[in-house]
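Chain and residue survey
One-letter residues, chain by chain:
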Amino acid sequence: MDKKIFVTQPLLPELEALNEELKEIWTTKKVTNAGPKHNLLEEKLKEHLGVSNVSLCNNGTLALLIALRALSLPYGSEVITTPFTFAATPHCISWNGLKPVFCDIEPETMCINPDKIEAAITPNTSAILAVHVYGFPCNVEKIQKIADKHSLKVIYDGAHVFSTKINGVDIGNFGDITMFSFHATKLFTTIEGGCLTYQDDTLKRKIYNLRNFGIRGEEVVEDIGINGKMNELQAAVGLLNLDLYKEEQAKRKILREYYTSRLEGIKGIRIPKMPPSVTDSYQYYPIVIEDNFRVSRDELYAQLRAKNIYARKYFYPICSDYDCYKELPSASKENLPVANDLKNRVLCLPFYGSLEEEYRVKICDEILRG
Ligand code: T4K
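A brief structural summary. Being a predicted model, the structure only gives us computed values, none of them experimental. (Residues numbered from 1 in each chain as written. Predicted model: local features only at pLDDT ≥ 70, side-chain atom pairs only at ≥ 80, totals over all residues. Heavy atoms only, no water.)

**Notes on the sheet that holds strand β7 (residues 165-166)**
Taken in spatial order, the three strands line up as β8-β7-β14 in an open sheet, and their pairing is antiparallel. The two strands at the open ends of the sheet, each matched to only one other strand, are β8 (169-170) and β14 (278-279). Relative to β8, β7 runs antiparallel, the two sharing two bridges. Looking at the pairing, I166 lines up with V169 of β8. (Pairing = 2+ DSSP bridges. Helix = DSSP H or I, 4+ residues; strand = E, 2+ residues; numbered from the N terminus.)

As structure tokens, then:
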């Protein structure tokens, strides 16, 4: 391939349109600290995400840190989570002085396996932090039942599920709090950014405080907050991208159909299926390489890379392999057989609307070459 093809490309608004937004910001000189564009984006996201409360943050990781903090989980308590995720998920647990406890995943959705959660619960467990991986939703009903039975909080890492619905219900309405990431690699982006959604109105003040040093007024500091504020430039990009992401989804739908038409039914390739009850976000296109494919996942990854196709092994290594977590009892390979198997099989293909026809064809040709 004559140019490098990456796993994704950021969805950027027209420069002219952004310039108009910047002119406004330059005129008012209000560049951060809950400015008008920030507040408008919060309002508009309520509609787009179908939720009653949205709190914007300067990135998804800060948002997740704040979510865990806002729920006042007892210091040192255990949070059950998945190892099959980005580093931010368990790191946010640890940064809050909480202990991550890894639980295995389901083979099809690659999300935390609810049937394995109860065995991981101890008297010290305070919450479940589950991740909707690649846009596949967790089994939210089963997770909530377990949480209710054991009085646990539920936090969802929804970094991959912007605009997803389950049976018509917007995904940000499940659990106590859901985090969305608006990083440049995400379908809907503010370059860096993220938000929290939640149904409990009383969390609004707490979250506001936590992302703004706890400051309520010039002489009032109400809580031990941090700086998690989204600035006006980020919000401006977000406002423009609200008009673009649906078209991007439509383009990705066509790309998904093309990939699936070429790769489905090929010996040794499994394509994880979105359940019909779910509206897809179109964030990733993962394939699973089985033992009977012509080469291993790692060999395929290398072959593609040699042709300038930068598919990604999300998630390899898994979080339980990291030096900082591998000694945890829950990080053992025996505890996490499915995650440890899938980490060696998954490959996320280049997936963005502007990927040219000729490259789509070449990517599939390269995967299928004999
Ligand atoms: N929870 C989950 C489940 C997550 O997946 C993430 C983030 C988070 C929490 C944390 O949310 P944030 O704090 O990030 O809001 C990327 C992203 O940096 C990261 O946001 C994302 N997950 C993760 C899955 O993927 P890398 O290390 O793979 O990024 P990078 O720089 O290799 O980018 C991938 C490709 O995207 C590049 O090869 C080219 C393209 N790209 C990337 C950037 C940054 C561009 O074309 N332009 C760009 O500016 O982590």
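Now, onward.
**A closer look at the pairing of strand β3 (residues 78-81)**
Neither face of β3 is open: one carries E78 and I80, the other V79 and T81, and all of them are buried. Of the pairings in the sheet, the one linking β3 to strand β4 (residues 99-102) comprises four bridges and is parallel in character. From the neighbouring strand, T81 faces β4, where its bridge partner is F102. With respect to chirality, the unit in which β3 leads through helix α4 (residues 88-95) into the neighbouring parallel β4 is right-handed. (Buried < 20%, exposed > 50% of the residue type's maximum accessible area, 1.4 Å probe, protein only. Right-handed = clockwise from strand over helix to strand, strands pointing away.)

**Quick notes on the environment of I93**
Tracing the backbone through its elements, the reader meets I93 in helix α4. By relative accessible area, I93 is classed as buried at 0%. For the pair I93 and V79, spaced 14 residues apart in sequence, the C-alpha to C-alpha distance is 7.1 Å. Discounting residues that sit within four places of it in the chain, I93 has contacts with L68, V79, T81, L98, K99, P100 and L129. (Contact = heavy atoms within 4.5 Å.)

**Quick word on the site of the ligand**
Around the ligand sit 24 residues in total, of which T61, D157, H160, S181 and Y314 are the nearest. Within the backbone of G60, one N or O atom sits 2.9 Å away from an oxygen atom of the ligand. One of the side-chain N or O atoms of H160 is found 2.8 Å from an oxygen atom in the ligand. With respect to the detected pockets, the ligand is housed in the largest pocket. Contributing elements (two or more residues each) for the shell around the ligand: α3 (60-70), α4 and β9 (177-181). Here the shell around the ligand is built from residues that sort into 10 nonpolar, 11 polar and three charged. The two domains that each donate at least three residues to the shell around the ligand are domain 1 (15-241) and domain 2 (246-368). (Near = heavy atom within 4 Å. Polar contact = N/O pair within 3.5 Å; in protein donor to acceptor, adjacent residues only side chain to side chain. 1 Å grid on protein atoms, 1.4 Å probe; cavity = no way out; pocket = protein on both sides within 12 Å on 5 of 7 lines; lining within 4 Å. Sits in = over half its atoms within 2 Å of the grid points. Nonpolar A, V, L, I, M, F, W, Y, C, P; charged D, E, K, R; others polar. Domains from an automatic or database assignment.)

**A short note on the pattern of salt bridges**
For the structure shown, the criterion picks out 29 salt bridges. Between R256 and D280 there is a salt bridge; the shortest N-O distance is 2.0 Å. Residue R256 is found in helix α8 (residues 245-263), and its partner D280 is found in the loop between β14 and β15 (286-289); the two are separated by 24 residues along the sequence. Under the relative-accessibility criterion, R256 is labelled buried at 17%. When salt bridges with common partners are traced through the structure, they connect E21, E24 and K37 into a single cluster. (Salt bridge = Lys/Arg side-chain N within 4 Å of Asp/Glu carboxyl O.)

**What to know about the sheet that holds β9**
The strands that make up a sheet are held in pairs by hydrogen bonds between backbone atoms, and each pair lies either parallel or antiparallel. Spatially, the seven strands line up as an open sheet ordered β2-β10-β9-β6-β5-β3-β4, and their pairing is mixed. Edge positions in the sheet fall to β2 (54-57) and β4, since each has one partner strand and no second. For this sheet, the mean angle separating the axes of adjacent strands, direction not counted, is 25°. Pairing between β9 and strand β10 (residues 194-197): four bridges, direction antiparallel. Residue M179 lies in a different strand from β10, and its bridge partner there is L196. The strands touched by helix α5 (residues 140-150) are β5 (125-131) and β6 (153-157); relative to β6, the strand with the most contacts, the crossing angle is about 150°. (Axes fitted to C-alpha atoms, helices over the stretch in contact; angles between N-to-C directions.)

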